[in-house]
Every structure is written in C-alpha cells, then in structure tokens.
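Chain residues, written in single-letter form:
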Amino acid sequence: MALKRRTKSATGAAKTPSVEQLLKYYREMLQIRRFEEKAGQMYGMGLIGGFCHLYIGQEAVVVGMQNALSMGDSVITSYRDHGHMLACGMDAKGVMAELTGRSGGYSRGKGGSMHMFSKKEHFYGGHGIVGAQMPLGTGLAFANRYRGSDRVSVTYCGDGAINQGQVYESFNMAALWKLPVIYVIENNKYGMGTSVQRASASTDLFERGAAYGIPGRQVDGMDVLATHQAAEEAVAHARAGKGPVILEMMTYRYRGHSMSDPAKYRSKEEVAKMRTEHDPIDLVRKRLIDGGLTNEDALKAIDKEVKDLVTAAAEFAQESPEPDPSEVWTDVLLEA
C-alpha cells in the first residue's frame, strides 16, 4: 500500500502478529528497559561518566522499526542510542563496557555513551551533535543507491533536532535523488527541557517534508504493533526506489533528557499517566495475557533471562580493563 503524502495515522488494517512475534517484541523491549535501568544505576554509582541519555519509555519505536529491516540495512541515530544498538543486535556486554570506558567496549573505551559503532550490524553510531546524523544517514542512502544496492538507511532524530537547517538540506537531497532513506522522528515531546509546543511553530512534524514531496506519517510510538506496521510500509516504499519517507513516532521518555536532568519542567502526574496508560511493554504484556497467548510464568522466565543477561553485561564491563594509554594514538587520522 502506498504511503499517503500527509496523514496523521497509519492507514490500513494491521496484520495480526503471531505469538512468537509478540514474545519477540516483548523480550527485545524488556531487554532495552532493563539495560537502561542498569545503566542508570551504574551512572549513579560513578561507574559511567560524562553524559548518559536513557531510552526508557521509547522502546517500541526502535523495536518496531528494526524488526522490519533486512540484513545490510543501515541505522544511524543521535545520542539517545543504547536501545538502537541492542535492537540492531549489538552485544549488551560490548555496549555496557563502552559506557564504562573499558577496553571491551565497541569503541575500545574511547567513545562512551554517544559514540559507538558496529560495522557488522551496520550501525553507524550515535552522534552527540544535534541533527548531525541526518546528512550522514542521507549519505548512507546515497551510497546504497550509488552501489546499486536495494538496502535502505534508517535515520533517527528527536523532535529537538527537527528545526536544524541541515535536516532540510538532507530532505531536499534525498527527495531530489529519490534516496532510500527513512527519517524517523522520535517525538518524545521535549527537546531537552523545552516542550515541542514552545520550540516548533508547526508541531505536526511528519509534514516537514511536504515542501519536497516527501510522504509523512504520524504513528503511535508507544504501540510496537503500530510502529512495526508503519515501518514495513515505509521500508517497502524506500526499497522500491520511490524515495524517502518521514515517520513521526509519538513517544515519551520517562527519565530526564540525560541523567543530570531533574526534569522539573513536567509534572509527576504527567509521567505517571504515561507509565500507567501507555507503557509499550505493558501493552504487549496485556495483549499476551488477556488473549490467553501465554501465562505469567512464561513472562517471568523471560524477565529472569533478560535480567541475567544485563547482570552479565554489567559484570563484564566492570571486569574489563581500562584502555591502555597507547590507545590514545589509535583511530586518529594524522596528516603528514
């Protein structure tokens, strides 16, 4: 089904997911949640330094998207990136070791929370400069087109980045050359401490590509089934050579912008309402239990498996040695 140019919600009847698919979504979202909770705990203990932006609450966006991709499709995102790494298949041990600045990390302890990559999983990084990943993700799509590949580039950004000038330069280039890129706007309603209503003259962010003829869609980013359906249609559109797509995922982060943010710009009641009524993991859990598709014991077993995996990642990170001082000279481009 073709994407409409401007529509506020996903169209068409959603496919009925299998029990296996629902359990896979549940496990992957839960792994991200437990990993981020552990990362927050380790940050509080002083084991993680610098900035640390947690993905708690937004898990349905990346899990729904990544499950629509194929091997070789590229992913690039901003600094709220741990969930994307795990959803791409990167090892939790390597991610946690990088967060703690250890040699067992994906960037050998030199990148930290915002700068790790995996060539194997086609993950081209979190990026600390707001909006910087947008032209890079567009470039990845250009490379796919140039090489004659049918691979797509999924480029994530937040609502706080959408007003950057480089975003629209990227939109223009992608539309002009019909590049296979999907721009995913993770609209968690706050760019740092500023609500989207105070930062953007137009808050229908999915329409931002209209001037370039880029189709856009607004999706319930707290519902993994909705994100997956929208992702499948967007991927099919881009892979067929029809050009870029914008998906605005309406989501919510439960924690502050980063671990140093007390988030006093919103009420406790607002956060509690989202947790109680729209939590992405609870929505899948309810579907599984209420539909008689599984039982509490099976879900508890998944939770234990995930907790054990995250515990092992934390132990690996703390046991991994710090980088050798000689590493300061590696991976640095020196001009003659």
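Given the structure is predicted, the values throughout are model-derived calculations rather than measurements. (Residues numbered from 1 in each chain as written. Predicted model: local features only at pLDDT ≥ 70, side-chain atom pairs only at ≥ 80, totals over all residues. Heavy atoms only, no water.)

Asker: Explain the pattern of salt bridges here, please?
Answerer: When the charged atoms of two side chains with opposite charge come close together, those side chains can pair. Evaluation of the coordinates by the stated rule reveals 19 salt bridges. Across the salt bridge formed by Arg108 and Asp331, the nearest N and O atoms sit 2.5 Å from each other. In this pair, Arg108 sits in the loop between helix H4 (92–99) and helix H5 (133–146) while Asp331 sits in the segment after helix H11 (296–319), placing the two residues 223 residues apart along the sequence. Measuring nitrogen to oxygen at the nearest pair gives 2.3 Å for the salt bridge that ties Arg285 to Glu296. Highlighted residues: Arg285 in helix H10 (residues 280–290) and Glu296 in helix H11, separated in sequence by 11 residues. The class of Arg285 is partly exposed, set by a relative accessible area of 25%. Through salt bridges with shared partners, one network takes in Arg34, Glu37, Asp303 and Lys307. (Salt bridge = Lys/Arg side-chain N within 4 Å of Asp/Glu carboxyl O. Helix = DSSP H or I, 4+ residues; strand = E, 2+ residues; numbered from the N terminus. Buried < 20%, exposed > 50% of the residue type's maximum accessible area, 1.4 Å probe, protein only.)

Asker: What is the right way to read the confidence of the model for the protein from this model?
Answerer: Reading predicted coordinates in detail is not appropriate for stretches of low pLDDT. Mean pLDDT for the protein: 94, with 96% of residues reaching 70 or above. The low-confidence segment residues 1–7, where pLDDT is below 50, has 23 contacts with residues more than four positions distant or belonging to other chains. (pLDDT = per-residue confidence, 0-100. Contact = heavy atoms within 4.5 Å.)

Asker: Which parts of the structure should I look at to understand the packing of aromatic side chains?
Answerer: Summed over the entire model, instances satisfying the criterion amount to 7 aromatic pairs. Taken together, a centroid distance of 5.3 Å and an interplanar angle of 45° make the contact between Tyr190 and Tyr265 tilted. Pair noted here: Tyr190 is in strand E5 (residues 190–191) and Tyr265 is in the loop between strand E8 (245–250) and helix H9 (268–278), with a separation of 75 residues, a long-range link. In this structure Tyr265 comes out as partly exposed when scored by relative accessible area, which is 27%. Centroid distance Tyr252 to Tyr254: 6.5 Å. Interplanar angle 50°. Geometry classified as tilted. Tyr252 gets classed as buried once you look at its relative accessible area, which sits at 1%. (Phe/Tyr/Trp six-rings, centres within 6.5 Å; stacked < 30°, edge-to-face > 60°.)

Asker: Where do I start with the pairing of E8 in this structure?
Answerer: Moving residue by residue along a regular strand, the side chains alternate between the two faces of the sheet. A large share of E8 lies buried, amounting to 5 of its 6 residues. Summarising the sheet, strand E4 (residues 181–187) and E8 pair through 6 bridges and their orientation is parallel. Its bridge partner being in E8, Ile182 is matched across the sheet by Val245. Two elements, strand E7 (residues 216–220) and E8, share 5 bridges in a ladder whose sense is parallel. Residue pairing for E8: Val219 is matched across the bridge by Met249. For the segment spanning E7, helix H8 (residues 224–239) and E8, crossover handedness is right-handed. (Pairing = 2+ DSSP bridges. Right-handed = clockwise from strand over helix to strand, strands pointing away.)

Asker: Would you take a moment to explain the layout of surface pockets for this structure?
Answerer: Empty space among the atoms becomes visible once a probe the size of a water molecule is rolled across them. Computed from the structure, the largest pocket encloses a volume of approximately 340 Å³. Taken together, 23 residues line the largest pocket, and the ones lying closest to its centre are Tyr79, Gly158, Gly160, Ala161 and His257. Elements with a contribution of two residues or more to the lining of the largest pocket: strand E3 (153–158) and E5. When its residues are assigned to classes, the lining of the largest pocket shows 7 nonpolar, 13 polar and 3 charged. Counted as a void, the second largest pocket has a volume near 240 Å³. Contributing to the lining of the second largest pocket are 15 residues, with Gln66, Leu69, Ser70, Ala87 and Cys88 lying nearest its centre. Looking at the lining of the second largest pocket, the elements with two or more residues in it are helix H1 (19–44) and helix H3 (82–88). Looking at the lining of the second largest pocket residue by residue, the classes come out as 5 nonpolar, 5 polar and 5 charged. (1 Å grid on protein atoms, 1.4 Å probe; cavity = no way out; pocket = protein on both sides within 12 Å on 5 of 7 lines; lining within 4 Å. Points joined across faces, edges and corners; volume = space filled by probe spheres on them. Nonpolar A, V, L, I, M, F, W, Y, C, P; charged D, E, K, R; others polar.)

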